[in-house]
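Summary of structural features
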Amino acid sequence: QVQLVESGGGLVQAGGSLRLSCATSGRTVSTYAMGWFRQAPGKEREFVVCISRSGDSTYYADSAKGRFTMSRDNAKNTVYLQMNSLKPEDTAVYYCAAKRTTALGRLLTTRYEYDYWGQGTQVTVSS
């Protein structure tokens, strides 16, 4: 079992930056592949980025590539999403997700592959 709590969301102007954190409790985060998703009003929950259990591999959605960076600090049981050059279309609730896996390099890009979800943190980007 693992609990996920996102933080770091807020209101920023276009071109600004935010750093989201996902703190975990329960089982050690080092046994989980992790992902970030987002959901805007009236839209489906959308994949943003994921990271392997080892932290050596990441995969980004086209919308995030070049602007967002995901990382993990297993010693702190925390994963991060650094978001730069934010655009109004990035406005959404951002969710952290986890899936236990024995594969160090496994990448999970679809929401139904994940077992655990945080409650989300709101990111609003104004123009």
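Procedures and definitions
Residues numbered from 1 in each chain as written. Predicted model: local features only at pLDDT ≥ 70, side-chain atom pairs only at ≥ 80, totals over all residues. Heavy atoms only, no water. Helix = DSSP H or I, 4+ residues; strand = E, 2+ residues; numbered from the N terminus. Polar contact = N/O pair within 3.5 Å; in protein donor to acceptor, adjacent residues only side chain to side chain. Core = buried A, V, L, I, M, F, W, Y, C linked by side-chain atoms within 4.5 Å. Buried < 20%, exposed > 50% of the residue type's maximum accessible area, 1.4 Å probe, protein only. Contact = heavy atoms within 4.5 Å. Phe/Tyr/Trp six-rings, centres within 6.5 Å; stacked < 30°, edge-to-face > 60°. Lys NZ or Arg CZ within 6 Å of the ring centre and 35° of its normal. Disulfide = S-S within 2.5 Å. Pairing = 2+ DSSP bridges.

Some points on the side chain of Asp90
Note that Asp90 resides in the loop between β8 (78-83) and β9 (92-100). There is a polar contact of 2.9 Å between the side chain of Asp90 and the side chain of Arg38.

What about the nonpolar core?
Membership of the largest hydrophobic core comes to 28 residues, with the highest contact counts inside it found for Met34, Trp36, Phe68, Met70, Leu81, Met83 and Tyr94. When contributions to this core are tallied by element, the ones reaching two or more residues are β1 (2-7), β3 (18-26), β4 (32-39), β5 (46-51), β7 (68-73), β8, β9 and β11 (121-126). With residues near it in sequence (within four places) discarded, Met83 still touches Gly16, Ser17, Leu18, Leu20, Arg67, Phe68, Tyr94 and Val123. Membership of the second largest hydrophobic core comes to 8 residues, among which are Phe37, Cys50, Ala97 and Tyr114.

Some remarks on the packing of aromatic side chains
Tallying each qualifying case throughout the model produces 6 aromatic pairs. Each ring, one from Tyr32 and one from Tyr116, has its centre 6.1 Å from the other, and the planes form 75°; the classification is edge-to-face. Here Tyr116 lies in strand β10 (residues 116-117) and Tyr32 lies in strand β4, a separation of 84 residues in the sequence. On the basis of relative accessibility, which here comes to 1%, the residue Tyr32 falls in the buried class. We classify Tyr116 as partly exposed; its relative accessible area is 21%. For the pair Tyr114 and Trp117, a centre-to-centre distance of 6.0 Å together with 65° between the ring planes defines the contact as edge-to-face. Given the relative accessible area of 27%, Trp117 is considered partly exposed. Here a set of aromatic residues connected by ring pairs shows up, and it is made of Phe37, Phe47, Tyr59, Tyr114 and Trp117. Note that Arg19 overlies the ring of Tyr80, its terminal NZ or CZ placed 4.0 Å from the centroid. Geometry around Tyr95 places Arg45 over its ring, the cationic atom sitting 3.7 Å from the centre.

A short note on the state of the cysteines
Following the criterion strictly, the structure yields 1 disulfide and no others. Across a sulfur-sulfur distance of 2.2 Å, Cys22 and Cys96 are joined as a disulfide pair. Looking along the S-S bond of the Cys22-Cys96 disulfide, the torsion reads about -85°, which is the left-handed sense. In this pair, Cys22 is assigned in strand β3 and Cys96 in strand β9, connecting sequence segments 74 residues apart. Like Cys22, the residue Cys96 is buried in the burial classification. A disulfide-free cysteine, Cys50 has its sulfur positioned 12 Å from the sulfur of Cys96, the nearest such atom.

Quick word on the pairing of β5
Burial analysis of β5 places 5 of its 6 residues in the buried class, which makes it a mostly covered element. Taken together, the 5 bridges between β4 and β5 define a ladder with antiparallel strand orientation. Residue pairing in the sheet places Trp36 in a bridge with Val49 of β5. Here β5 runs beside strand β6 (residues 58-60); their pairing, made up of 3 bridges, is antiparallel. For Val49, the partnering residue across the bridge sits in β6 and is Tyr60.

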